[in-house]
Amino acid sequence: TTNEIRLIKLMGELGMCSRREASRILKAAKECDDDESKLKNLEDIIFLHGKPVLDGTGVKVHPDERNIYLGSGGDLKKADDGSLKLDGKFR
């Protein structure tokens, strides 16, 4: 929708990390492209609604979004449907 903002901007506004740092994290995750072994080796991953964000820096969210988590590759686990998600211990 028209009132969505970039995830990196919101993370900066929330004080989670700088926009530049969020951009770096998202670019690194996009390069892994759903390769579980590569993702698990990342120091930083941004999760949105419990799923790793792998679509790069153009991801947009509603300004009121708060279901964002900054974790690491070690926080990933495989869901029953085969997708990767945030380990349940953080939810």
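Scroll up to find the structure.
Residues numbered from 1 in each chain as written. Predicted model: local features only at pLDDT ≥ 70, side-chain atom pairs only at ≥ 80, totals over all residues. Heavy atoms only, no water.

Before going further, it helps to examine the sheet that holds strand E3 (residues 51–52). In space, the 3 strands of this open sheet follow the order E3-E2-E5, with antiparallel pairing throughout. The open sheet has two free edges, formed respectively by E3 and strand E5 (68–71), since each of these has just one partner strand. With 4 bridges connecting them, strand E2 (residues 45–48) and E5 associate as antiparallel partners. Its bridge partner being in E5, Leu-48 is matched across the sheet by Ile-68. Set on the sheet, helix H1 (residues 7–14) makes contact with E2 and E5; between it and E5 the angle comes to about 85°. (Pairing = 2+ DSSP bridges. Helix = DSSP H or I, 4+ residues; strand = E, 2+ residues; numbered from the N terminus. Contact = heavy atoms within 4.5 Å. Axes fitted to C-alpha atoms, helices over the stretch in contact; angles between N-to-C directions.)

Moving on, we come to the nonpolar core. If you look at the biggest cluster of nonpolar residues, it comprises 15 residues, and the most contacted ones within it are Leu-7, Met-11, Ala-22, Ile-46, Val-53 and Ile-68. Of all the elements, H1 adds the most residues to this core, at 4 residues. If we skip the residues at most four places from it in the chain, Leu-7 touches Ile-46, Val-53, Val-59, Lys-60, Val-61 and Ile-68. Cys-32, Ile-45, Leu-76 and Leu-84 belong to the second largest nonpolar core, which has 10 residues in total. (Core = buried A, V, L, I, M, F, W, Y, C linked by side-chain atoms within 4.5 Å. Buried < 20%, exposed > 50% of the residue type's maximum accessible area, 1.4 Å probe, protein only.)

Attention shifts here to the state of the cysteines. Summed over the entire model, instances satisfying the criterion amount to 0 disulfides. Between Cys-17, a free cysteine, and Cys-32, which holds the nearest cysteine sulfur, the sulfur-to-sulfur gap is 17 Å. (Disulfide = S-S within 2.5 Å.)

Looking now at the environment of Phe-47. Within the secondary structure, Phe-47 is located in strand E2. Along the chain, Phe-47 and Leu-76 lie 29 residues apart, while their C-alpha atoms are 9.6 Å from each other. Setting aside anything within four residues of it in sequence, one finds Phe-47 in contact with Pro-52, Val-53, Asn-67, Ile-68, Tyr-69, Gly-71, Ser-72, Asp-75, Leu-76, Lys-85 and Leu-86.

Our next topic: the packing of aromatic side chains. Per the stated rule, a full pass over the model turns up 1 aromatic pair. Between Phe-47 and Tyr-69, the aromatic rings sit 6.0 Å apart at their centres with planes inclined by 45°, giving tilted as the arrangement. Taken as a pair, Phe-47 in strand E2 and Tyr-69 in strand E5 lie far apart in primary sequence, 22 residues in all. For Phe-47, a relative accessible area of 1% translates into the label buried. (Phe/Tyr/Trp six-rings, centres within 6.5 Å; stacked < 30°, edge-to-face > 60°.)

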